[in-house]
Amino acid sequence: AQSVTQLGSHVSVSEGALVLLRCNYSSSVPPYLFWYVQYPNQGLQLLLKYTSAATLVKGINGFEAEFKKSETSFHLTKPSAHMSDAAEYFCAVGLKAAGNKLTFGGGTRVLVKP
Amino acid sequence: EAEVAQSPRYKITEKSQAVAFWCDPISGHATLYWYRQILGQGPELLVQFQDESVVDDSQLPKDRFSAERLKGVDSTLKIQPAELGDSAMYLCASSVWRDDEQFFGPGTRLTVL
């Protein structure tokens, strides 16, 4: 079985400050890991994914995440927050052997203060 | 840019009524997913199709939910009868094949009164 825990359901950052969203996973086999962003009343958009290549993954909109096997973590960061980053962010784990079935975390809502 | 289409975007119904949601995946995508997202939570997979076949419906409440993808293209998710606890966003996603990136539609927000 696989599971995802996102620490902090809400995060508030100032514009220009570092964004750090935490994600820890549990998986019995090497996982695929994903970060998605969701704007109000919209579907999910893929930010980045880890599929066993480079452990530091760069995504869209200046986001990146680092896979740390020893810590079972896949934290998402962005050096400088922009107002347009205000949204909800979901970490997900997928198993290729399970048809890429995704298990999502509970989400972290990001508020950006001017 | 190709997108996953869903309709309706919003649906309000009374409990015990029947509701149906429609999804049109990106052309050429063989795999189609239906997710349910309860407010404040992450999406949960309800059913996964590979072409017209169901490959995973382990989390689908089969006593009231049904899903079909008859020609392996568009898909319909039905709830009959709807219950108050079914209020949620229903998301459809598609991918070229089961191992590939999933692209999500805008969702249908269901409110059961």
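Here, every reference points to the structure presented above.
One structure accompanies this document, and this report is about it. Note that the structure is a prediction, hence the values are computed from the model and not measured.

Residues and elements named next belong to chain A. Within the open sheet, the five strands sit side by side as β1-β3-β8-β7-β6. Their pairing is antiparallel. Of all the strands in the sheet, the pair left with one neighbour each is β1 (3–7) and β6 (56–58). This sheet shows a mean twist of 20° between the axes of neighbouring strands, independent of strand direction. Bridge count for strand β3 (residues 19–26) against strand β8 (residues 73–78) is four bridges, and the pairing is antiparallel. Counterpart to L21 in the pairing with β8 is L76.

For the rest of this paragraph, the subject is the nonpolar core. Formed by 25 residues in total, the largest nonpolar core has its most connected members in W35, L47, L48, F74, L76 and Y89 of chain A. Those elements that provide at least two residues to this core are β3, β4 (32–38), β5 (44–50), β7 (64–68), β8, β9 (87–95) and β11 (108–113) of chain A. Here L47 of chain A is in contact with W35, Y36, V37, G59, I60, N61, F63, L76 and Y89 of chain A, once residues within four sequence places are set aside. Counting 20 residues, the second largest nonpolar core, distinct from the first, contains I26, F49, L110 and V112 of chain B.

Residue and element names in this part refer to chain A. Burial along strand β10 (residues 101–104) is one-sided: the residues L102 and F104 are buried and none of K101 and T103 is. Bridge count between β9 and β10: four bridges; the pairing is antiparallel. The partner of G94 across the bridge, within β10, is L102.

Moving on, we get to the packing of aromatic side chains. Applying the stated criterion to the full structure yields 13 aromatic pairs over all chains. Arranged with centres 5.8 Å apart and planes meeting at 50°, the rings of Y36 of chain A and F104 of chain A form a pair that is tilted. On the criterion of sequence distance, the pair formed by Y36 of chain A in strand β4 and F104 of chain A in strand β10 is long-range, its members being 68 residues apart. One exposure class covers both Y36 of chain A and F104 of chain A, and it is buried. An aromatic cluster is present here, built from F34, Y36, F90 and F104 of chain A together with Y33, Y35 and F104 of chain B joined pairwise through their rings.

This part takes up the side chain of T108 of chain A. Residue and element names in this part refer to chain A. Residue placement: T108 occurs in strand β11. One polar contact links T108 to Q6, side chain to side chain, over a distance of 3.3 Å. Engagement of the side chain of T108 in a polar contact is seen with the backbone oxygen of G8, the distance being 2.8 Å. Not counting residues within four places of it along the chain, the set of residues in contact with T108 comprises Q6, L7, G8, S9, H10, V11, L21, A87, E88 and Y89.

With that settled, the discussion passes to the sheet that holds strand β3 (residues 19–24) of chain B. Residues and elements named next belong to chain B. Read from one edge of the open sheet, four strands run β1-β3-β8-β7, paired in antiparallel fashion. Each edge of the open sheet is held by one strand with a lone partner, namely β1 (5–7) and β7 (65–68). The average undirected angle you get between the axes of adjacent strands in this sheet is 15°. Two elements, β7 and strand β8 (residues 75–79), share four bridges in a ladder whose sense is antiparallel. For F65, the partnering residue across the bridge sits in β8 and is I79.

Within this structure, the stated rule accounts for two disulfides over all chains. With a sulfur-sulfur separation of 2.0 Å, C23 of chain A is cross-linked through a disulfide to C91 of chain A. An S-S torsion of about -65° defines the bridge between C23 of chain A and C91 of chain A as left-handed. A residue pair is termed long-range when its members are at least 10 positions apart, and C23 of chain A in strand β3 and C91 of chain A in strand β9 qualify at 68 residues. Accessibility assignment for this pair places C23 of chain A and C91 of chain A in one class, buried. Disulfide pairing is shown between C23 of chain B and C92 of chain B; the S-S distance is 1.9 Å. With the S-S dihedral at roughly -70°, the linkage between C23 of chain B and C92 of chain B falls on the left-handed side. One end of the pair, C23 of chain B, is in strand β3; the other, C92 of chain B, is in strand β9 (residues 88–95), and 69 residues separate them in sequence. The residues C23 of chain B and C92 of chain B share a single accessibility class, namely buried.

Rules behind the numbers
- Residues numbered from 1 in each chain as written.
- Chains lettered and ligands numbered in written order.
- Predicted model: local features only at pLDDT ≥ 70, side-chain atom pairs only at ≥ 80, totals over all residues.
- Heavy atoms only, no water.
- Pairing = 2+ DSSP bridges.
- Helix = DSSP H or I, 4+ residues; strand = E, 2+ residues; numbered from the N terminus.
- Axes fitted to C-alpha atoms, helices over the stretch in contact; angles between N-to-C directions.
- Core = buried A, V, L, I, M, F, W, Y, C linked by side-chain atoms within 4.5 Å.
- Buried < 20%, exposed > 50% of the residue type's maximum accessible area, 1.4 Å probe, protein only.
- Contact = heavy atoms within 4.5 Å.
- Phe/Tyr/Trp six-rings, centres within 6.5 Å; stacked < 30°, edge-to-face > 60°.
- Polar contact = N/O pair within 3.5 Å; in protein donor to acceptor, adjacent residues only side chain to side chain.
- Disulfide = S-S within 2.5 Å.

Purely spatial values, then, with no claim about function.
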